[in-house]
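The lines below spell out each chain.
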Amino acid sequence: MLKSLRSIDANDARLSMAHMYVAFTALLVGATAGLLQTLERSGKFELPFGIGYYQVLTVHGVVLGLVLTTFFIIGFMMASQSKTAGSYNSSERKMAWVGYWMMTTGVVITTIFILLNEASVLYTFYAPLQAHPGFYTGLVLVIIGSWVEGIVIYRRHARFRKENPGEKTPLLSFMSVINMVMWQIATLGVASTVLLQFLPWSLGFTETIDVLVSRTLFWYFGHPLVYFWLLPAYMAWYAIIPKIIGGKIFSDSLARLSFILLLLFSIPVGFHHQLTEPGIDPFWKYIQVILTFLVVIPSLMTAFSLFATFELRGRELGAKGLFGWLKKLPWKDVRFLAPFVGMVLFIPGGAGGIINASNQMNQVVHNTIWVTGHFHLTAATTVMLTFFGIAYWLIPSLTGRKLTAKANKWGIIQTAFWTVGMLFMSGAMHWQGLLGGPRRSAYSEYAGNADTAAWGPYQIAQAIGGSILFIGMLIMIGLFIYLAFFAPKGKEEFPVATVSEDAGETPAVFENWKLWIGVTVALILFAYTIPFIDIIQNAPPGSKGFKFW
Ligand code: HAS
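What counts as what
Residue numbers run consecutively from 1 along every chain, following the written order of its sequence. Per-residue local features are limited, in this predicted model, to residues with pLDDT of at least 70; the limit for side-chain atom pairs, both in listing and counting, is 80 or more; totals at the level of whole chains, interfaces and linings are taken over all residues. Computation of side-chain values covers all heavy atoms of the structure but excludes hydrogens and water. In the cavity and pocket records, a cavity denotes points on a 1 Å grid over the protein atoms alone where a 1.4 Å probe fits but cannot get out, a pocket denotes an open set with protein on both sides within 12 Å along at least 5 of 7 lines, and lining residues are residues with an atom within 4 Å of a point. Grid points are joined across faces, edges and corners, and a volume is the space filled by probe spheres set on the points. Helix and strand assignments come from DSSP, with helices taken as H or I runs of at least 4 residues and strands as E runs of at least 2, each series counted from the N terminus. Ten residue types, Ala, Val, Leu, Ile, Met, Phe, Trp, Tyr, Cys and Pro, are classed as nonpolar, four, Asp, Glu, Lys and Arg, as charged, and the remainder, Gly among them, as polar. Only nitrogen, oxygen and sulfur atoms count as donors, using a 2.8 Å cut-off from the metal that widens to 3.2 Å for Na, K and Ca. Water is left out, so coordination shells may look unfilled. In what follows, salt bridge is the name for a side-chain nitrogen of Lys or Arg lying within 4 Å of a carboxyl oxygen of Asp or Glu. Exposure categories follow from relative accessible area, calculated using a 1.4 Å probe and restricted to protein chains: below 20% of the type maximum is buried, above 50% is exposed, and the middle band is partly exposed. Patches here: salt-bridge-free residues with over 30% relative accessible area, like charges joined within 9 Å, nonpolar side chains (Val, Leu, Ile, Met, Phe, Trp, Tyr) joined within 5 Å. Only the protein chains shown count as cover for residues, with accessible areas throughout obtained via the Shrake-Rupley method and a probe of 1.4 Å. Proximity is defined per residue: if any heavy atom of the residue lies within 4 Å of a molecule or strand, that residue is considered near it. Polar contact is the term for a pair of N or O atoms within 3.5 Å; when the atoms are in protein, one must be able to donate a hydrogen and the other to accept it, and sequence-neighboring residues count only if both atoms are side-chain atoms. Contacts were defined at the residue level, with two residues in contact if any of their heavy atoms lie within 4.5 Å. Axis angles are defined between N-to-C directions and span 0 to 180 degrees, where every axis is a line fitted to C-alpha atoms and, for a helix, only to the segment in contact. Working rule for angles: under 35 degrees goes down as roughly parallel, over 145 as roughly antiparallel, 65 to 115 as roughly perpendicular, anything else as oblique. Helix crossings are classified by the rotation of the near helix relative to the far one: an anticlockwise turn of less than a right angle makes the crossing left-handed, while a clockwise turn makes it right-handed. A score between 0 and 100, pLDDT records how confident the predictor is in each residue. Only the six-membered ring of Trp is used, alongside the rings of Phe and Tyr, when aromatic pairs are assigned; centres must lie within 6.5 Å, and planes under 30 degrees apart are stacked while those over 60 apart are edge-to-face, with the rest tilted.

Visitor: Where do I start with empty space enclosed by the protein in this structure?
Guide: Think of a ball as big as a water molecule: rolled over the atoms, this probe shows where empty space is left. Throughout the structure, instances matching the rule amount to three cavities of 30 Å³ or more. If you add up the space inside the largest cavity, you get close to 780 Å³. For the largest cavity, the lining is made up of 38 residues, of which Gln37, His60, Leu64, Phe375 and His376 are closest to its centre. Mapped onto the lining of the largest cavity, the elements with two or more residues apiece are helix H2 (10-42), helix H3 (53-84), helix H13 (369-399), helix H14 (405-434) and helix H16 (450-486). A per-class count over the lining of the largest cavity returns 23 nonpolar, twelve polar and three charged. Roughly 190 Å³ of volume is contained in the second largest cavity. Lining of the second largest cavity is provided by 16 residues; of these, Leu66, Leu139, Val142, Ile143 and Phe221 occupy positions nearest its centre. When contributions to the lining of the second largest cavity are tallied by element, the ones reaching two or more residues are H3, helix H4 (90-115), helix H5 (133-163), helix H6 (171-202) and helix H7 (211-239). If you tally residues by element for the lining of the second largest cavity, the top one is H3, at four residues. Its residues assigned to classes, the lining of the second largest cavity shows 14 nonpolar, two polar and no charged.

Dropping the structure here:
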């Protein structure tokens, strides 16, 4: 009975849900760590049992930035592909489970070493901070597991094309492939620094480590990492939200083109995280800043497409005037409200990104808590609110249950808590950052000096925000458990929109993977080859601890 109530094949639903259990456990652990951090930084609270600030900060960053996101995203993409391209066959599903268990084992290993305080190196694990080899081994397992699951996504997409020659592929499946291609090309950077530099160094095979090489390889991965988080949110904005509001996808071609542009331009831009670092030729920083401004374009296209979708639907319902459509949107439906708040806050979030990318302004904000404010507005608000919005219908639709009116109401309350909490916290971080407040710094480190008084009010505001967010997180976890196990049985819709009749034909060239991957690789080689050779050739004496260079 329950089987037929699920929105996708029962075996695929179980696979997707397995990812969700890990993701929401990560939310519980990571957000609790976040609360502890803001309390510590307020100066009013000391961490108990000798727990270190940087240990908690590592838990927070790794568990939320790497575990919650990766598991939620892969689970969501697999459910979307199963829904729109058709269910996986048994060999694809088996392979996906292999990837899932590799990732989960990796997470357990990494977490153990962080909890043992053997890996308090933050989610960026910058050298010369060194962790236990177990930390790096766990991370490598997570990455390789995700590659295995990525191959499943490619296989399913290819099977659809083979079984339906000449037919346009489902938009959500196409988008999942793009996100996975970007992820796999990007993770080559972090996998190489971990395997070739950090592991030999932490195992004692090499005495030193080339810091600039490791940071460059990390940021080659680090920027596409944030788009790996963003693209699933865009998947929902382009292909799911129109259905929820009763409208249509404005343009299938525009959606695919913006994803292709994100693939092309999101990788060769890592230097914008290293603008203040010596050892990289300013010319190549300049080139990568230009490429960063190019990667903003698909986000502006996304904004345009969303405005068009909302306006068209609003006018269909009789809206008049420039902003009359706003009144016609389904404000009481949490499946719409949560992602919509995410979109609105992406306007200041994106503007902050553009400030960061602008070389001169970067000198003002780099390494200040402004940057922390930026990514709490983008990743923790825009992306997370969209993920919550997805979870409200995805979880019951996978478990064969209903999003009840009461759960919907609690979802709206949850959205309010998250938004208010984040505005307090991220707002105070931005402000403190503009005044020069440092990021990644424990109160206990500078307690008693002049900074204590200067930063006090901002850090208290962050603690208030953190506490409100913590309540928001608890409501979300409660709703997750309710929707997964206790909500009344029934068939919850898996909303997928169709394309507007007025949209043009989608050109076949969008499925020319050789072309897009070829251009992506060419752009990466252009942006990185010469500066990377430079970095290695001009490394300071003694820094070439890595024997293979
Ligand atoms: Fe960023 C640092 C530049 C976007 C996350 N970023 C970070 C870090 C993270 C992060 C985690 O150039 C810190 C890493 C660390 O630990 O050091 N970022 C950008 C740029 C963009 C950008 C140019 N970032 C993101 C997103 C993230 C994210 C998205 C997570 C998901 N970022 C930087 C730079 C740094 C950086 C530097 C390094 C700083 C330093 O010095 O260390 C762009 O992609 C932003 C483009 C976005 C837009 C907005 C489009 C708006 C849309 C919404 C439409 C709304 C509608 C609703 C339709 C142009 C699509 C309207 C309704 C109404 C009623 C109005």
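Visitor: Would you mind showing me how to read the coordination of the iron atom of the ligand here?
Guide: Ideal values differ by geometry: the angle at a metal is 109.5 degrees with four tetrahedral donors, but 90 or 180 degrees with six octahedral donors. Of the protein atoms, His374 (NE2) alone serves as a donor to the iron atom of the ligand, at 2.2 Å. As for its placement among the helices and strands, His374 is situated in helix H13.

Visitor: Is there a simple way to think about the pattern of salt bridges in this case?
Guide: Pairing of side chains with opposite charge becomes possible as their charged atoms draw close. Per the stated rule, a full pass over the model turns up 16 salt bridges. The residue Lys168 makes a salt bridge to Asp252 at a minimum N-O spacing of 3.8 Å. Remark: Asp252 occurs in helix H9 (residues 252-266) and Lys168 occurs in the loop between H5 and H6; sequence separation between them is 84 residues. A residue is classified by how much of its surface remains accessible, and Lys168, at 42% relative accessible area, is partly exposed. Overall, Asp252 belongs to the buried group, its relative accessible area being 2%. For Arg256, the salt bridge identified is with Glu511, shortest N-O distance 3.6 Å. Highlighted residues: Arg256 in helix H9 and Glu511 in the loop between H16 and helix H17 (513-537), separated in sequence by 255 residues. For the pair formed by Arg256 and Glu511, the shared burial category is buried. One network of salt bridges, in which partners are shared, links Arg161, Lys168, Asp252, Arg256 and Glu511.

Visitor: Which parts of the structure should I look at to understand a nonpolar patch on the surface?
Guide: A cluster of nonpolar side chains, contributed by Phe283, Tyr286, Ile290, Leu294 and Ile297, occupies part of the molecular surface with about 460 Å² of accessible area. Within the secondary structure, Leu294 sits in helix H10 (residues 282-316).

Visitor: Help me understand unusual backbone geometry, please; the structure alone is not making it clear to me.
Guide: For residues besides glycine, phi is generally negative; the peptide bonds are generally trans as well. Cis geometry marks the peptide bond from Ala127 to Pro128; its omega dihedral reads 10°. Examined against the element boundaries, Pro128 turns out to sit in the loop between H4 and H5. You will see that Leu122, though not glycine, has its phi angle at about 65°, which is positive. Considering the arrangement of structural elements, one finds Leu122 in the loop between H4 and H5. Of note in the backbone geometry, Arg440 takes a positive phi value of approximately 50° without being a glycine. Residue placement: Arg440 occurs in the loop between H14 and helix H15 (443-446).

Visitor: Explain the site of the ligand here, please?
Guide: The full set close to the ligand counts 38 residues, and Tyr123, Tyr227, Asn362, His366 and His374 are the nearest of them. Ala357 is positioned with one of its backbone polar atoms (N or O) 3.1 Å from an oxygen atom of the ligand. Within the side chain of Arg439, an N or O atom sits 2.8 Å from an oxygen atom of the ligand.

Visitor: It is not clear to me how the side chain of Gln462 should be interpreted in this structure. Could you clarify?
Guide: Looking at where Gln462 falls in the secondary structure, it is placed in helix H16. Looking at Gln462, the relative accessible area reads 1%, which means it is buried. For Gln462, the residues in contact, after removing those within four places along its chain, are Thr38, Arg41, Ile369, Met425, Ala428, Met429 and Gln432.

Visitor: Just checking my understanding: could you explain the packing of helix H11 (residues 334-357) against H13 for this structure?
Guide: The relative placement of two packed helices comes down to the angle between their axes together with the axis-to-axis distance. Where H11 contacts H13, the two axes come as close as 8 Å, and the packing angle between them is 160°. In terms of their interaxial angle, H11 and H13 are classed as roughly antiparallel. Viewed along their axes, H11 and H13 form a crossing whose handedness is left-handed. Split into classes, the residues belonging to the contact of H11 with H13 amount to 13 nonpolar, eleven polar and one charged.

Visitor: Explain the packing of H5 against H6 here, please?
Guide: At their nearest, the axes of H5 and H6 sit 9 Å apart, and the two run at 155° to each other. By the angle between their axes, H5 is roughly antiparallel relative to H6. In this structure, H5 crosses over H6, and the sense of that crossing is left-handed. When its residues are assigned to classes, the contact of H5 with H6 shows 20 nonpolar, nine polar and no charged.

Visitor: Just to check I follow, could you spell out the confidence of the model for the protein chain for this structure?
Guide: The predicted coordinates of low-pLDDT regions are not to be read in fine detail. For the protein chain, the mean per-residue pLDDT works out to 94, and 97% of the residues sit at or above 70. Residue range residues 545-549 is modelled with pLDDT below 50. Its contacts to residues more than four positions away, or to other chains, number 13 contacts.

Visitor: Which parts of the structure should I look at to understand the layout of surface pockets?
Guide: Taken as a whole, the second largest pocket encloses approximately 240 Å³ of empty space. In terms of lining residues, the second largest pocket is bounded by 13 residues, among which Leu217, Tyr220, Ile524, Tyr528 and Phe532 are the most central. Of all the secondary-structure elements, those providing two or more residues to the lining of the second largest pocket are H6, H7 and H17. Per-element tally for the lining of the second largest pocket: the top contributor is H17, with seven residues. Tallied by class, residues from the lining of the second largest pocket come to nine nonpolar, four polar and no charged.

Visitor: Where do I start with the packing of aromatic side chains in this structure?
Guide: Between two aromatic rings, the relevant description is the distance of the centres plus the angle of the planes. The full count for this structure, using the stated rule, is 43 aromatic pairs. The interplanar angle of 90° and the centroid separation of 5.2 Å between the aromatic rings of Tyr53 and Tyr54 together place this pair among those described as edge-to-face. By relative accessible area, which is 24% here, Tyr54 ends up partly exposed. Both rings, one in Phe310 and one in Trp325, keep their centres 6.2 Å apart while their planes meet at 20°; by these two values the pair is stacked. With Phe310 in helix H10 and Trp325 in the loop between H10 and H11, this pair connects stretches of sequence that are 15 residues apart.

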